[in-house]
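One-letter residues, chain by chain:
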There are 2 protein chains.
Amino acid sequence: MSVTVVGSIAYDRVKTPFGERERMLGGAATHFALAASFFDEVRAVGPVGDDFADEDLQTLQTRGTSTEDVERVAGGKTFFWHGEYGWDLNSRETHDTQLGVFEHFEPKLSEGSRSSDVLFLANIQPDVQRGVREQCPDAGFVALDSMNLWIDIARDSLVRTIEQVDCLILNDAELRQLTEKPNLVQAAREIFAMGPSVVVAKQGEYGAALLTQDHFFALPAYPLETVVDPTGAGDTFAGGFVGYLAARKGERDEEALRRAMAYGTALASFNVEEFGTERVQRLTADEVRERVGALHACTSWVDVPLEQRA
Amino acid sequence: MSVTVVGSIAYDRVKTPFGERERMLGGAATHFALAASFFDEVRAVGPVGDDFADEDLQTLQTRGTSTEDVERVAGGKTFFWHGEYGWDLNSRETHDTQLGVFEHFEPKLSEGSRSSDVLFLANIQPDVQRGVREQCPDAGFVALDSMNLWIDIARDSLVRTIEQVDCLILNDAELRQLTEKPNLVQAAREIFAMGPSVVVAKQGEYGAALLTQDHFFALPAYPLETVVDPTGAGDTFAGGFVGYLAARKGERDEEALRRAMAYGTALASFNVEEFGTERVQRLTADEVRERVGALHACTSWVDVPLEQRA
């Protein structure tokens, strides 16, 4: 079994209150792969340019990720993003985006990548996501991320793509924007009506919520004394969440989904401790397990009815 | 045993996307008392004007709350607030605030109110809060709320007041503003250094976090399909939280604090289902217990280490 992820492989220039990096490995597929590779074989699909360094390809291959479908475009430049975060890390400004080889990206998946049981469509044009979805008709579980840009300029295409996936993973502000429902429970109902049976609302420093037809579940972000760089936190979360489910081989009950949320949350918390992929690339499975346990300790409480007065 | 709350008793004019009320009973002490009265006898302390209706006094007395120290000021007008909420209920605009009898409020607590073991200082001028604190030297547990206004114009006084309480309950944005630390864990450490041993960060639709010297705990808000009016949610939360602890008679360990968070969260979720005090005044203890159980179901997950690949 394996997990296929289609999305950006990028160089990021990032400034946060804790420092900056001129050019570091990034991109949604990269962060997803580094997290999901703890659980299952990952197959990364995306284009890079001539400027993509061999050592970065090796980083992408951490824990056995296949880069068979990482297409090196001759004469092209790797996707580049330049952003800066505000003092509380909740706001960020994009200074520059250069699509490079991503502009004309037409994914053609190898037989190996098509045969994965689990597929993650990271944030790219919804038309492209749908094309990939159609190349993997037998995938048992397909999850999708998107962003406000596509809701603004390609809403119809995005909705048609959402109709073909099992799970939507989106920032809660984007869920509101997409459904025009300010209330998360109502927003999820709109999404269920489109097709998916699982909605994950990413809530940044507040954690994430999981909504299914009959259940609501929420986990806080793991409390950290210092967050250095939030870049890639959402994709790292998705890598832990989707990767965990892949390892559970078809079990998608509430118990599996909730533990997947915990693994996603734990992995995302490591990601933000350092810049880019720096922390997760040297992370160990023992550290992940330990943090999942620590997260459990932050969320457990006993429900014993109190003898109330009235 | 009893819980004393000092704070506003008010009339609110409120407009939300779901309707409006021209003049409804409100105020921090009111919302607190209606919630805390499920757990222990509440003694409400605050001024009202000639215009305060007998039926509103009766509402304040729900579940046995003592209004012995509700001072009716001859010729005075009851505190009045007029506000309006935006479409997602996360933003609100204040159209009018008339302090009325609150402007020259100098609380003088009766022997009964001074002898409570638990004291809640709702959001008023920090000088006045400190005066009340000094009238209750024997209180075993004192919790305090405040707001951005006092951080702006009376920070030194607020800090001196915080130094004399056990628990600070504040919106997370206000915690950041007060401590100038964007990170919640760091912000709580600043507060611990001032004196309190318990910090509760209210996070609106995301729930609330509890920070103590050695532990972090977070609970989501209870998921509701429709939130009608958020007014008083924070004080209702405080009433459930502090009231529960009062009923636990001196037990303030992590287990008690976490269950107090759950009762606060459950009560706040009822409060926002209807305007003002409408829902909580007719609420039953069975409904509260049932919602605490439902909240537990929204936050439970099993921590069983997965056999990871790497």
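In short, a report on the structure. Since the model is a prediction, treat every value here as computed from it, not as a measurement.

**Let's talk about the pattern of salt bridges**
All chains considered together, the criterion is met by 40 salt bridges over all chains. Linking B:Arg176 and A:Glu205 is a salt bridge whose minimum nitrogen-to-oxygen distance equals 2.5 Å. Taken as a pair, B:Arg176 in helix 7 (residues 172-179) and A:Glu205 in the loop between strand 11 (198-202) and strand 12 (208-212) lie in two separate chains rather than in one. Each of A:Arg248, A:Glu251, A:Glu255 and A:Arg259 takes part in salt bridges that share partners, so that together they form one network.

**Quick word on the packing of helix 10 (residues 254-271) of chain A against helix 12 (residues 285-299) of chain A**
All names here are of chain A. Between helix 10 and helix 12, the least distance of the axes is 9 Å, while the angle of their chain directions is 110°. Classified by the interaxial angle, the pair formed by helix 10 and helix 12 is roughly perpendicular. For the pair helix 10 and helix 12, the sense of crossing is right-handed. Of the residues in helix 12, those in contact with Ala-262, Tyr-263, Thr-265, Ala-266, Leu-267, Ser-269 and Phe-270 of helix 10 are Glu-287, Val-288, Arg-291, Val-292 and Leu-295. Its residues assigned to classes, the contact of helix 10 with helix 12 shows 8 nonpolar, 2 polar and 2 charged.

**Looking at the interface of chain B and chain A**
On the chain A side, the residues contacting the 60 residues of chain B number 60 residues. Taken over both partners, the interface formed by chain B and chain A buries close to 5,200 Å², and the fraction arising from carbon and sulfur atoms is 54%. Linking chain B to chain A there are 4 salt bridges. Here A:Arg189 ties to B:Glu225 by a salt bridge, and the two come within 2.8 Å at their closest N and O atoms. Counting across the chain B and chain A interface gives 22 residue pairs in polar contact (both at pLDDT 80 or more). Residue assignment for the side of chain B that touches chain A shows that the elements contributing at least two residues are helix 7, helix 8 (184-194), strand 13 (216-219), helix 9 (233-247), helix 10 (254-271) and helix 11 (285-299) of chain B. A per-element tally of the side of chain B that touches chain A places helix 11 of chain B first, with 10 residues.

**Observations regarding the nonpolar core**
Of all hydrophobic cores here, the largest spans 60 residues; its most connected members are A:Phe120, A:Ile169, A:Val200, A:Phe241, A:Val242 and A:Met261. When residues in this core are grouped by element, the largest group, 10 residues, is from helix 10 of chain A. If sequence neighbours within four positions are ignored, A:Val242 has contacts with A:Val3, A:Phe32, A:Val118, A:Phe120, A:Ala143 and A:Ile169. In this structure, A:Leu306, B:Leu60, B:Ala268 and B:Ala285 belong to the second largest nonpolar core, which totals 59 residues.

**A few points about the relation of the copies chain B and chain A**
Once chain B has been moved 0.0 Å along the axis and rotated by 180°, it coincides with chain A to within an RMSD of 0.0 Å. Such a turn and shift between the copies fits a two-fold axis.

**Concerning the sheet that holds strand 11 (residues 198-202) of chain B**
Residues and elements named next belong to chain B. Spatially, 5-4-1-8-9-10-11-12-13 is the arrangement adopted by the 9 strands of the open sheet, whose pairing is mixed. Each edge of the open sheet carries a strand with a single partner, namely strand 5 (66-73) and strand 13. Neighbour-to-neighbour, the strand axes of the sheet open up by a mean angle of 15°, direction not taken into account. As paired elements, strand 10 (residues 167-171) and strand 11 share 5 bridges and run parallel to each other. Residue Cys-167 lies in a different strand from strand 11, and its bridge partner there is Val-198. Most of the contacts of helix 8 go to strand 12 (residues 208-212), to which it runs at about 50°, and overall it touches strand 10, strand 11, strand 12 and strand 13.

**Re the pairing of strand 3 (residues 19-26) of chain B**
Residues and elements named next belong to chain B. As paired elements, strand 2 (residues 10-16) and strand 3 share 6 bridges and run antiparallel to each other. What sits directly across from Ala-10, in strand 3, is Gly-26. The loop that links strand 2 with its antiparallel partner strand 3 comprises 2 residues.

**Some thoughts on the packing of aromatic side chains**
Residues and elements named next belong to chain B. What the rule picks out here adds up to 17 aromatic pairs over all chains. Note on Phe-237 and Phe-241: the rings are 6.0 Å apart at their centroids and 10° apart in plane angle, and the pair reads as stacked. With Phe-237 and Phe-241 both in helix 9 and 4 residues apart, the pair spans about one turn of that helix. The exposure class assigned to Phe-241 is buried, which follows from its relative accessible area of 0%. Plain terms: the ring middles of Tyr-244 and Tyr-263 are 5.0 Å apart, the flat faces sit at 15° to each other, and that makes the pair stacked.

Criteria and cut-off values
- Residues numbered from 1 in each chain as written.
- Chains lettered and ligands numbered in written order.
- Predicted model: local features only at pLDDT ≥ 70, side-chain atom pairs only at ≥ 80, totals over all residues.
- Heavy atoms only, no water.
- Salt bridge = Lys/Arg side-chain N within 4 Å of Asp/Glu carboxyl O.
- Helix = DSSP H or I, 4+ residues; strand = E, 2+ residues; numbered from the N terminus.
- Axes fitted to C-alpha atoms, helices over the stretch in contact; angles between N-to-C directions.
- Parallel < 35°, antiparallel > 145°, perpendicular 65-115°, else oblique.
- Left-handed = near helix turned anticlockwise from the far one by under 90°.
- Contact = heavy atoms within 4.5 Å.
- Nonpolar A, V, L, I, M, F, W, Y, C, P; charged D, E, K, R; others polar.
- Buried area = accessible area lost by both parts, 1.4 Å probe.
- Polar contact = N/O pair within 3.5 Å; in protein donor to acceptor, adjacent residues only side chain to side chain.
- Core = buried A, V, L, I, M, F, W, Y, C linked by side-chain atoms within 4.5 Å.
- Buried < 20%, exposed > 50% of the residue type's maximum accessible area, 1.4 Å probe, protein only.
- Least-squares fit on C-alpha atoms with pLDDT ≥ 70 in both.
- Pairing = 2+ DSSP bridges.
- Phe/Tyr/Trp six-rings, centres within 6.5 Å; stacked < 30°, edge-to-face > 60°.

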